[in-house]
Amino acid sequence: MGFARACSVALVGVEGVVVEVQADLEPGVAAFTLVGLPDKSLVESRDRVRAAVVNSGAEWPQKKLTVGLSPASVPKSGSGFDLAVASAVLGAAERIDPAAIADVVMIGELGLDGRVRPVRGVLPAVLAAAEAGYEQVVVPEQTAGEAALVPGISVLGVRSLRQLIAVLCDEPVPDEPVDGQGRPDAILAGLMIPGSGLGTGLAPAAARGDGHRPDLADVAGQPRPRQALEVAAAGGHHLLFTGPPGAGKTMLAERLSVVLPPLTRQESLEVTAVHSVAGILPPGEPLVSRAPYCAPHHSATMQSLVGGGNGMPRPGAVSLAHRGVLFLDEAPEFSGKALDALRQPLESGHVVVARAAGVVRLPARFLMVLAANPCPCGRHTLTGAGCECPPSVVRRYQARLSGPLLDRVDLRVEVQPVDRADLLGQGGRGESTGVVAARVRDARARAAERLAGTPWATNSEVPGHELRTRLLAAPGALAAAERDLERGILTARGLDRVLRVAWTVADLRGADRPDASDVAVALELRTGIQRGVPMGVGER
């Protein structure tokens with residue numbers, strides 16, 4: 001009787017569970033049994049592995065073969081177990097030394113000719129292996145760069161099963177030719193989900209295809225919305241733009257992601273893990289270093305926003321925008337059910353999706369930008385524009401954004417139509433992205449220095465209790481906010497959020513703590529009521 005084991009990883013959301021792949025050979029009628037709660041694509045690995053082993057020059061054992069995936073209670077899906085199954089079978093057949101594969105984690109799909117195809121989710125799988133104490137992983141050659149992002153792991157990238165057998169047996173490694181030169185590499189299809197990528201709103205429209213990055217200087221006029229955009233980027237505050245069509249709401253939102261600072265190493269690993277599982281990580285770019293931008297269509301369902309799907313839930317738009325920007329254009333056109341599902345991730349920074357197949361916790365700490373028209377025709381606030389929407393229709397349209405959702409939005413700014421002077425450039429171009437991004441980086445550095453030693457990195461994450469007890473504003477600075485709280489203009493949550501915005505305004509102007517003018521700016525940006533404060537945040 002022959003027995004061997006190898007290891008692979010089963011993904012549950014964006015977290016991995018190390019699975020031991022055991023192969024057992026016994027005398028009897030030749031048969032191949034796969035047990036351990038596999039899904040349909042994993043059951044089909046029996047035929048893929050058999051063909052790959054034979055076409056790689058190895059002999060398939062003509063005995064009763066049982067392959068078990070342990071722990072058997074964890075659901076397993078996908079084709080990433082093929083490489084581990086083939087290695088365990090060859091170890092049980094004594095083609096390779098069973099001891100050489102016992103503590104090696106193997107991830108990859110096998111083609112019928114023995115080639116190793118890449119799979120999604122390599123980075124979170126290798127992270128799970130490292131956390132479990134494993135030090136060696138074998139992955140497809142195309143995803144070796146992604147696996148090498150995990151420190152303390154020895155990564156072996158292989159192009160075919162023949163190469164892996166040669167490495168494990170200390171034989172000369174065959175040189176596998178790369179075919180299909182000059183044509184799209186079909187072997188990379190396993191990394192990408194059809195219909196995903198840039199075409200689904202995962203990058204600003206101006207940045208798709210030609211490498212041009214959107215610039216804030218392209219936005220004509222709009223000093224107050226530009227100010228709100230800078231405050232949102234510096235403190236991670238959620239933002240609502242309201243105004244007529246063509247005023248520039250979408251242009252402003254698309255330029256927010258390029259104003260945000262580059263991701264830290266830890267943030268890059270988090271974002272890359274989510275994008276790898278979702279199948280939108282571009283081949284050749286193993287690490288996401290810029291803040292992502294996700295703009296789903298207003299017909300998106302609740303499952304596509306927060307995560308879901310058949311079987312184990314997949315990351316939704318809120319997770320794809322993790323550490324970046326989630327832009328909901330025409331926000332009132334989204335279903336109320338989908339919008340209200342955003343309340344929990346807006347507060348907690350993660351989303352918990354419960355399905356029959358299991359419960360998955362997905363990261364979802366994003367900066368939300370909403371854009372809305374004042375009425376269905378969009379001309380309600382324009383003088384002499386001929387809006388014919390009845391008052392009841394306007395009220396019903398504006399009520400689609402529920403009060404509890406709007407209470408979680410820190411900045412609410414009305415975008416006015418652009419006048420002729422600004423549109424023709426007679427008023428001069430506004431500040432460029434580089435200038436604004438530099439101020440944002442400085443403000444975030446001040447906040448990070450102040451919050452050092454705490455679990456929070458930006459002002460928007462600081463709990464209200466800390467703001468009222470440890471991080472105190474200047475004496476008398478909250479007088480106006482306290483009056484608004486007594487009048488019912490602000491809720492208790494709203495007061496905390498005004499304090500957070502005030503700290504961000506103070507960081508932008510280099511102050512040690514917010515004063516009354518900073519709180520007045522925060523109140524004006526939240527309530528829209530003019531407070532008589534200067535327009536520029538960082539110029540006072």
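Residues numbered from 1 in each chain as written. Predicted model: local features only at pLDDT ≥ 70, side-chain atom pairs only at ≥ 80, totals over all residues. Heavy atoms only, no water.

Caption draft 1: Representation of the pattern of salt bridges in the model. Under the definition given, this model contains 28 salt bridges. Measuring nitrogen to oxygen at the nearest pair gives 2.9 Å for the salt bridge that ties Arg493 to Asp407. Of this pair, Arg493 sits in helix 22 (residues 492-508) while Asp407 sits in the loop between helix 17 (403-406) and strand 16 (411-414); the two residues are 86 residues apart in sequence, bridging distant segments of the chain. Take Arg493: its relative accessible area is 30%, and that puts it in the partly exposed class. Its salt-bridge partner being Arg450, residue Asp507 comes within 2.9 Å of it at the nearest N-O pair. Highlighted residues: Asp507 in helix 22 and Arg450 in helix 19 (residues 433-450), separated in sequence by 57 residues. (Salt bridge = Lys/Arg side-chain N within 4 Å of Asp/Glu carboxyl O. Helix = DSSP H or I, 4+ residues; strand = E, 2+ residues; numbered from the N terminus. Buried < 20%, exposed > 50% of the residue type's maximum accessible area, 1.4 Å probe, protein only.)

Caption draft 2: Local environment of the sheet that holds strand 16. Read from one edge to the other, the open sheet built from five strands follows the order 11-12-15-10-16, with strand pairing classed as parallel. Of all the strands in the sheet, just strand 11 (293-294) and strand 16 have a single pairing partner and so form its edges. Bridge count between strand 10 (residues 239-242) and strand 16: four bridges; the pairing is parallel. By the bridge assignment for strand 16, Leu239 is matched with Leu411. (Pairing = 2+ DSSP bridges.)

Caption draft 3: Examining the state of the cysteines more closely. Taken as a whole and assessed by the stated rule, the structure comprises zero disulfides. We note that Cys377 lacks a disulfide partner, and the nearest cysteine sulfur, in Cys375, lies 3.4 Å from it. (Disulfide = S-S within 2.5 Å.)

Caption draft 4: Inspection of the packing of helix 8 (residues 223-235) against helix 23 (residues 516-527) at higher detail. Close contact between helix 8 and helix 23 brings their axes to 12 Å; oriented N to C, the two are set at 110°. As the angle between them shows, helix 8 and helix 23 are arranged roughly perpendicular. In this structure, helix 8 contributes Arg224, Gln227, Ala228 and Val231 to the contact, and helix 23 contributes Val521, Glu524 and Leu525. Grouping the amino acids of the contact of helix 8 with helix 23 by side-chain chemistry returns four nonpolar, one polar and two charged. (Axes fitted to C-alpha atoms, helices over the stretch in contact; angles between N-to-C directions. Parallel < 35°, antiparallel > 145°, perpendicular 65-115°, else oblique. Contact = heavy atoms within 4.5 Å. Nonpolar A, V, L, I, M, F, W, Y, C, P; charged D, E, K, R; others polar.)

Caption draft 5: Looking closely at helix 2 (residues 45-55). Those residues of helix 2 lying buried are Ser45, Arg48, Val49, Ala52 and Val53. Summarising the axial view, the buried residues of helix 2 lie within an arc of 125°, below the 170-degree limit, and thus occupy one face. Where helix 2 is buried, its residues touch strand 3 (31-35), helix 1 (40-43), helix 3 (82-92), strand 6 (109-110) and helix 7 (161-168). One or two steps after helix 2, the chain reaches Gly57, where phi turns positive at roughly 90°. (Arc of directions from axis to C-beta.)

Caption draft 6: A look at the packing of aromatic side chains. Inspection of the entire model under this criterion finds two aromatic pairs. With a centroid separation of 5.6 Å and an interplanar angle of 45°, the aromatic rings of Phe32 and Trp60 are classed as tilted. A residue pair is termed long-range when its members are at least 10 positions apart, and Phe32 in strand 3 and Trp60 in the loop between helix 2 and strand 4 (64-70) qualify at 28 residues. Of the two residues examined, Phe32 and Trp60, each falls in the buried class. Centroid distance Tyr293 to Phe327: 6.4 Å. Interplanar angle 35°. Geometry classified as tilted. Remark: Phe327 occurs in strand 12 (residues 325-328) and Tyr293 occurs in strand 11; sequence separation between them is 34 residues. Of the two residues, Tyr293 and Phe327, neither departs from the other in class, the shared state being buried. (Phe/Tyr/Trp six-rings, centres within 6.5 Å; stacked < 30°, edge-to-face > 60°.)

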